[in-house]
Amino acid sequence: MRIPAELAAADRRHLWHPFTQQRSWESDEPPIVIDHAEGTTLYDIYGNAYIDGVSSLWCNVHGHREPAIDGAVKAQLDRVAHSTMLGLSHAPGIELAERLLAVAPPGLSRVFYSDSGSTAVEIALKMAFQWWAQRGETERTGFICLENAYHGDTLGAVSVGGIDLFHSLYRPLLFDAWQARAGDAGHLEELLDEHGPRVAALIIEPLVQGAGGMLMQPEGYLRRVRELCDAHSVLLICDEVATGLGRTGAMFACDHENVTPDLMCVGKGLTGGYLPLAATLTTERIYDGFLGDYEDFRTFFHGHTYTGNPLACAAGIATLELFEHKRTLARLQPKIELLTRLLTQRIGPLPAVADVRQRGFMVGIELIPSADGNRVGHQVTLAARARGAIIRPLGDVVVLMPPLAISDGELRRLVTITASAIAEATSGRLPAAA
Ligand SMILES: *Cc1c(COP(=O)(O)O)cnc(C)c1O
């Protein structure tokens, strides 16, 4: 293997990293280059070990190098790595769809694959739009999203996004969407009263808005959103890309409020964090709206080259099997409680901490912004690395999203490291301006 310094230099010469200001990437200390992983630990090319504190960007579920998933992918590799779903089918794609629907909210009966959370969202938006058009309700072309929403980085998903830092520059390229105040059912009701007949669908991250800063919705809000959508005949799209696959303590966030959306987007954890795969689930009612003779042109003209990739589907099947075999959700409950206790004891009392938000294994620790304009979240990340944990903030919000498989001991260590990192990064800081 190439020597580490050479690899790091080549990274800086040739790569362009996502969501990264490359100027500081090139001038900061050399990047951590990950070499391998085991369970919930990542190892870099220098042999340093780190807890995977954000599940390799919110997607790892059962840990890395999980034998059942490794085995399933290797076995599939011995059959075929990729075969198209356009005009053909394959067993892993069929079987994963069955298994996914078996654990999805009741009433969802169809699976349309793609390869990222963003594409799953594009597909849901286009399906909703086309479904209404094909019913002759051509007025229903608009969408409602929530303030601070994040649904991905492709342009349709950005159109229903509400994070100005990421989204506002692209306004001229986007379609308009009405933004409802998150958690405020009254405001949504006003919007629907005014615009209802022109709305095709409402899209929401159920229970927790992730990238917006781990923003929690009050209990009963999602249920109310479903009722309001029904009252105004608006389709409900639940984007479970972050919240799905056990993240909130139930298989899907919708389960907490017994809600079945008309369209549901799943991504991130679907393959246990192994391979890029996403799915848009929907009901027979929506599906039926696309049936007809070819000449009716009711076909959903959409599909990606790697749609339903067999290796990824094999990883997805193994991931769902593990939920059963390892009783992942049952074993997660005491860990969620442990995490709550640790956050209350170790993080909440820190002077720099403004708010601690948790839902299941999704945590946002909001820091008081630094008076000197330093990116305090970023400083905490660097201090955590030095202590052996990889975390990644959202601005001033430190995010903890460990794999569901993390042990009690590692969970304790993650919170301890985070507490020390916050203390170090914020020690001696000037009090923030009042
Ligand atoms: C991450 C995320 C997406 C986008 O998924 P990608 O795989 O990054 O395209 C969409 N919606 C939500 C809620 C997400 O957290």
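Residues numbered from 1 in each chain as written. Predicted model: local features only at pLDDT ≥ 70, side-chain atom pairs only at ≥ 80, totals over all residues. Heavy atoms only, no water.

### Focus: the sheet that holds strand β16 (residues 397-400)
Applicable threshold: Note on pairing: two strands pair once DSSP finds at least 2 bridges between them. Every helix listed is a DSSP run of H or I at least four residues long, and every strand listed is a run of E at least two residues long, numbered separately from the N terminus. Axis definition: a line fitted to C-alpha atoms, limited for helices to the stretch in contact. Angles are taken between N-to-C directions and run from 0 to 180 degrees. Any two residues whose heavy atoms approach within 4.5 Å are treated as being in contact.
Taken in spatial order, the 3 strands of this open sheet run β13-β14-β16, and their pairing is antiparallel. Unpaired on one side and paired on the other, β13 (353-359) and β16 mark the two borders of the sheet. Averaged over all neighbouring strand pairs, the angle between strand axes comes to 15°, with direction disregarded. Of the strand pairs in this sheet, β13 and strand β14 (residues 362-367) are connected by 6 bridges, and their pairing is antiparallel. For Q358, the partnering residue across the bridge sits in β14 and is V363. The strands touched by helix α13 (residues 328-347) within the sheet are β13, β14 and β16, with β13 carrying the most contacts at an inclination of about 175°.

### Here we look at the packing of aromatic side chains
For clarity, the threshold we go by: Stacked, tilted and edge-to-face are the three classes assigned to paired rings of Phe, Tyr and Trp, where Trp is represented by its six-membered ring and a pair needs centres within 6.5 Å; plane angles under 30 degrees give stacked, over 60 edge-to-face, the rest tilted. Each residue's exposure class comes from its accessible area (1.4 Å probe, protein chains only) as a fraction of the maximum for that residue type: buried when under 20%, exposed when over 50%, partly exposed otherwise. In this scheme, the term charge over a ring applies when either NZ of a lysine or CZ of an arginine sits within 6 Å of the ring centre and within 35 degrees of the ring normal.
For the coordinates displayed, the defined rule picks out 5 aromatic pairs. Here the aromatic rings of W131 and W132 are separated by 4.8 Å at their centres, their planes lie at 75°, and the arrangement is edge-to-face. Judged by its relative accessible area of 1%, W131 falls in the buried class. Between Y294 and F297, the ring centres sit 5.6 Å apart and the planes meet at 75°, which makes this aromatic pair edge-to-face. Comparing Y294 with F297 shows no difference in burial state: the two are exposed. An aromatic cluster is present here, built from F112, F290 and F300 joined pairwise through their rings. Sitting above the plane of the Y287 ring, R110 keeps its charged end 3.6 Å from the centroid. The ring of W132 carries the charged tip of R140 above its face, separated from the ring centre by 4.6 Å.

### As for the environment of T20
What counts, and what does not: Here a polar contact means two N or O atoms within 3.5 Å. Within protein one must be a hydrogen donor candidate and the other an acceptor candidate, and residues neighboring in sequence count only if both atoms are side-chain atoms.
Tracing the chain through its elements places T20 in the loop between α1 (4-14) and α2 (22-27). Within the local environment of T20, its side chain forms a polar contact with the backbone oxygen of P18, the two atoms lying 2.6 Å apart.

### What to know about the packing of helix α5 (residues 91-103) against helix α12 (residues 310-325)
What counts here: By definition, turning the near helix anticlockwise from the far helix through less than a right angle yields a left-handed crossing, and turning it clockwise yields a right-handed one. Ten residue types, Ala, Val, Leu, Ile, Met, Phe, Trp, Tyr, Cys and Pro, are classed as nonpolar, four, Asp, Glu, Lys and Arg, as charged, and the remainder, Gly among them, as polar.
At a minimum axis distance of 9 Å, the contact between α5 and α12 shows a crossing angle of 35°. Crossing of α5 against α12: the hand is left-handed. From α5, P92, G93, E95, L96, R99, L100 and V103 reach across to α12, where they touch P310, C313, A314, G316, I317, L320, E321 and E324. Looking at the contact of α5 with α12 residue by residue, the class counts come to 9 nonpolar, 2 polar and 4 charged.

### Points about the site of the ligand
To keep things clear, this is the line we draw: One heavy atom suffices: a residue is near a molecule or strand as soon as one of its heavy atoms comes within 4 Å of it.
In the neighbourhood of the ligand, the contacting residues comprise W58, S116, G117, S118, Y150, H151, G152, E205, D239, V241, A242 and K268. In the model, an oxygen atom of the ligand is placed 2.6 Å from a nitrogen or oxygen of the S118 side chain. Within the side chain of K268, one N or O atom sits 2.7 Å away from an oxygen atom of the ligand. Along the lines of polarity and charge, the residues of the shell around the ligand split into 4 nonpolar, 5 polar and 3 charged.

### As for the state of the cysteines
Covalent bonding between the sulfur atoms of two cysteines is what defines a disulfide. Stated precisely, the cut-off is as follows: A pair of sulfur atoms, both from cysteines and within 2.5 Å, is called a disulfide here.
Considering all chains together, one arrives at 0 disulfides under this definition. Not part of a disulfide, C254 finds its nearest cysteine sulfur in C238, a span of 3.6 Å. On the basis of relative accessible area, C254 is assigned to the buried category, the value being 0%. We note that C313 lacks a disulfide partner, and the nearest cysteine sulfur, in C59, lies 16 Å from it. C313 sits in the buried class, given a relative accessible area of 0%.

### Some thoughts on the sheet that holds strand β7 (residues 199-204)
Spatially, the 7 strands line up as an open sheet ordered β4-β12-β11-β10-β7-β5-β6, and their pairing is mixed. The open sheet has two edge strands with one neighbour each: β4 (108-114) and β6 (178-180). Between one strand and the next, the sheet's axes are offset by a mean angle of 20°, whatever the strand orientation. With 3 bridges joining them, strand β5 (residues 142-146) and β7 adopt parallel strand pairing. In the strand pairing of β7, F143 is matched with A201. In the packing of helix α9 (residues 185-195) onto the sheet, the strands contacted are β5, β6 and β7, and the crossing angle to β6 comes to about 155°.

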